[in-house]
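Tertiary structure, described
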Amino acid sequence: MKRATRLKVVGMLFVLPGLISYFGWTLYPIFYAFLISLYKWNLNPELPSKFVGLANYITMFQDPVAGTAFKNTVLYTVITVPGQMILGFLIAYALNKKIYGQTTLRLLYYLPVVTSWIFVSLIFEYLFSGYGGLVNYIFHTNIQWLSSPSMAMVPIYVLGIWKGIGWSMLIFLAGLQGVPPSLYEAAQIDGANKWNLIRHITIPLLRPTIMFELVMLTIGGFNVFLSVWVMTSGGPMNSTQVVSVYMFQQAFNYFNFGYGSALSVMLFVIVFIIAQIQRRWLKSND
Amino acid sequence: MIKNKKVNYDVSFVLLKSVGKVVFYTVLIVGAIAMIIPFIYMVSTSLKPMASLFTYPPQIFPTSITFSNYLRMWEVFGIGRYFLNSTIIAVPAVLINIFLSSLTAYGFAKFDFPGKNLFFTILIATLAVPGLLLVIPQFQMVSSVHFLMNNQLTIILTDGIGGIAFNAFFLRGFFEGIAKDIVDAAEIDGCSQFQIYYKIILPQSLPALGTLAIFSFGGIWDDYFWPSLILSSQSKWTLPLGILAFQGEYGVQWNLVFAASIIAMIPTLAIYIVFQKYFVQTISEGGLKM
């Protein structure tokens with residue numbers, strides 16, 4: 001065998017195990033999910049699944065709980081993504097200078113990121129408990145955070161931002177290292193103030209970092225699951241329902257697999273469209 | 001006169017600057033405290049006896065301390081079993097995951113073969129797919145094979161092959177950065193392609209592999225959704241399943257819940273601290289760009 005041909009075969013052998021598992025365990029399930037969403041699906045292959053066309057999607061548009069779930073999921077993303085990015089950027093900007101205690105501070109801000117969602121959700125449930133909770137005590141309030149429909153999303157937003165600041169900070173720190181200090185010096189000589197420096201030098205140069213964060217955090221935001229699952233399970237009275245939790249309940253508590261799939265397909269379509277728009281928008285601003 | 005004015009200006013400027021510095025540090029430190037208070041409260045609650053759990057005002061630093069909560073979670077609740085289960089699943093799964101991802105990434109980084117660009121484009125295009133979309137079809141696939149249900153091996157395999165697209169995309173950049181002459185020299189020395197991969201490429205990429213190990217281990221150790229669907233017998237449960245079930249049953253005994261949570265959190269934190277050096281290095285070398 002010729003060397004070039006041999007190398008081609010070797011290359012294919014390297015990627016083969018990964019590609020097979022990827023096709024079987026990711027790509028195939030994506031199409032399978034679309035298929036299931038068109039059926040009144042029965043998990044047991046011996047019992048027939050009934051083809052219902054778009055009925056699951058029609059149900060979804062008429063289902064007020066699904067409406068709440070999508071609204072809450074979008075709100076969660078719209079609130080927590082800028083929250084994480086702005087705070088993460090400010091902290092990264094501050095910690096990018098050589099200051100005393102820099103490493104310790106970075107480590108502290110990163111701690112929530114490496115802690116599991118389950119345990120931080122448990123802590124927040126306890127912090128926000130209505131009677132004798134630490135949050136009520138510190139702020140001298142008396143709010144039944146998690147059991148009042150109008151307030152229950154607040155602890156979920158706070159947790160989402162609190163947990164993500166460190167990640168956002170770390171990625172911005174990496175980006176900031178790519179900004180040459182000579183640029184700042186030149187602009188400072190020209191009389192630019194700090195805000196001008198950030199606006200006209202730092203932010204434009206960080207465009208790829210901002211794009212990466214925006215897309216990743218948006219995907220993460222739309223997938224919010226464990227914090228809601230642990231703290232409220234979507235209650236009280238579905239006021240904190242989000243798509244992932246509702247999908248889980250429909251599929252695995254009520255065995256409405258077709259409807260659950262329709263919910264997840266809808267979420268996927270929304271995320272996909274938003275990710276495309278974000279990419280276009282950030283690229284066109286170059 | 002002019003000279004005096006300049007001095008005055010300098011003094012007020014320095015003053016303003018140091019006031020700014022104080023504000024700056026205060027904000028940073030208050031922020032850091034907000035980051036850490038929940039953890040401090042968690043640890044302190046786990047050390048409280050039942051009686052001081054419901055005192056008002058709440059005690060951030062408890063007046064009396066006991067380790068009996070940890071002991072009880074270990075002896076009565078049997079958290080050791082869940083810990084063992086989590087370890088049995090996470091360790092092989094991470095190894096499989098990193099092995100498969102690095103093989104795939106190396107194939108894409110160093111070789112040319114028909115369909116390479118197409119396959120890679122497909123991998124990238126599905127990076128944005130939410131895991132949520134995959135759960136129902138994956139559950140349908142697994143549940144139709146009786147052997148796979150209520151089996152820890154299933155979790156090892158599915159976690160082992162999960163997330164390959166992202167990992168391969170992440171690692172490929174690092175592999176491409178490895179100097180070509182090292183690889184060429186090894187080839188002339190008679191190394192096979194696979195030998196080059198595991199004797200040269202892998203050792204050279206330890207920071208990237210370490211970073212991946214953190215991501216992968218964290219995700220698998222903390223996963224709740226998927227194992228809760230597969231593992232029905234309590235004796236096979238992992239830590240998140242066991243602790244959430246306990247919390248559901250004994251919700252108000254937060255001291256016990258947090259004692260268990262802290263035991264469960266230790267490995268992830270330990271791994272992060274061990275690999276932290278690699279982690280920061282990798283991220284700042286720009287491994288995460290789109």
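Keep in mind that this is a model prediction, so the values were computed, not measured.

Further remarks concern the overall build of chain A. A tally of helices and strands in chain A yields 13 helices and two strands. The C-alpha radius of gyration computed for chain A amounts to 24 Å, which surpasses the reference 19 Å derived for 286 residues by more than 25%, pointing to a less compact arrangement than a globule. In terms of its C-alpha atoms, chain A occupies a principal-axis envelope of roughly 75 × 75 × 35 Å. Burial status across chain A gives 42% buried among its 286 residues. Contacts in chain A between residues at least 24 apart in sequence constitute 69% of all its contacts with a sequence separation of at least 6.

Next up on the list: the domain arrangement of chain A. Interface extent is often summarised as the accessible area lost during association of the parts. Its domain assignment divides chain A into domain 1 (1–26) and domain 2 (65–284). Inter-centroid distance (C-alpha atoms) of domain 1 of chain A to domain 2 of chain A is 38 Å.

All names here are of chain B. Looking at the assigned domains, one finds that chain B contains domain 1 (2–53) and domain 2 (69–284). Centre-to-centre separation of domain 1 and domain 2, based on C-alpha positions: 38 Å. Counting residues at the interface gives seven residues for domain 1, matched by seven residues for domain 2. For the side of domain 1 that touches domain 2, a count of residues per class yields four nonpolar, two polar and one charged.

Interpreting fine coordinate detail is not advised for predicted regions of low pLDDT. Taken as a whole, chain B shows an average pLDDT of 86; of its residues, 92% reach a score of 70 or greater. Interface predicted TM-score (ipTM) for the complex: 0.89; the corresponding pTM is 0.89.

Let us look at the interface of chain B and chain A. Tallying the contact residues gives 69 residues for chain B and 72 residues for chain A. Along the lines of polarity and charge, the residues of the side of chain B that touches chain A split into 47 nonpolar, 19 polar and three charged.

In this section: unusual backbone geometry. Residue and element names in this part refer to chain A. A cis amide bond links Gly235 to the next residue, Pro236, at an omega of -10°. On the secondary structure map, Pro236 appears in the loop between helix H11 (226–231) and helix H12 (243–253). Although it is not a glycine, Met237 adopts a positive phi angle of roughly 55°. Inspection of the secondary structure puts Met237 in the loop between H11 and H12. Classification of Met237 as exposed rests on a count of 11 C-beta atoms within 10 Å. Even without glycine at this site, Asn238 takes up a positive phi of about 60°. Residue position: Asn238 is located in the loop between H11 and H12.

Definitions and cut-offs
Residues numbered from 1 in each chain as written. Chains lettered and ligands numbered in written order. Predicted model: local features only at pLDDT ≥ 70, side-chain atom pairs only at ≥ 80, totals over all residues. Helix = DSSP H or I, 4+ residues; strand = E, 2+ residues; numbered from the N terminus. Rg over C-alpha atoms; globule rule 2.2 N^0.38 Å. Buried ≥ 20, exposed ≤ 12 C-beta atoms within 10 Å, placed from the backbone. Contact = placed C-beta atoms within 7 Å. Domains from an automatic or database assignment. Nonpolar A, V, L, I, M, F, W, Y, C, P; charged D, E, K, R; others polar. pLDDT = per-residue confidence, 0-100.

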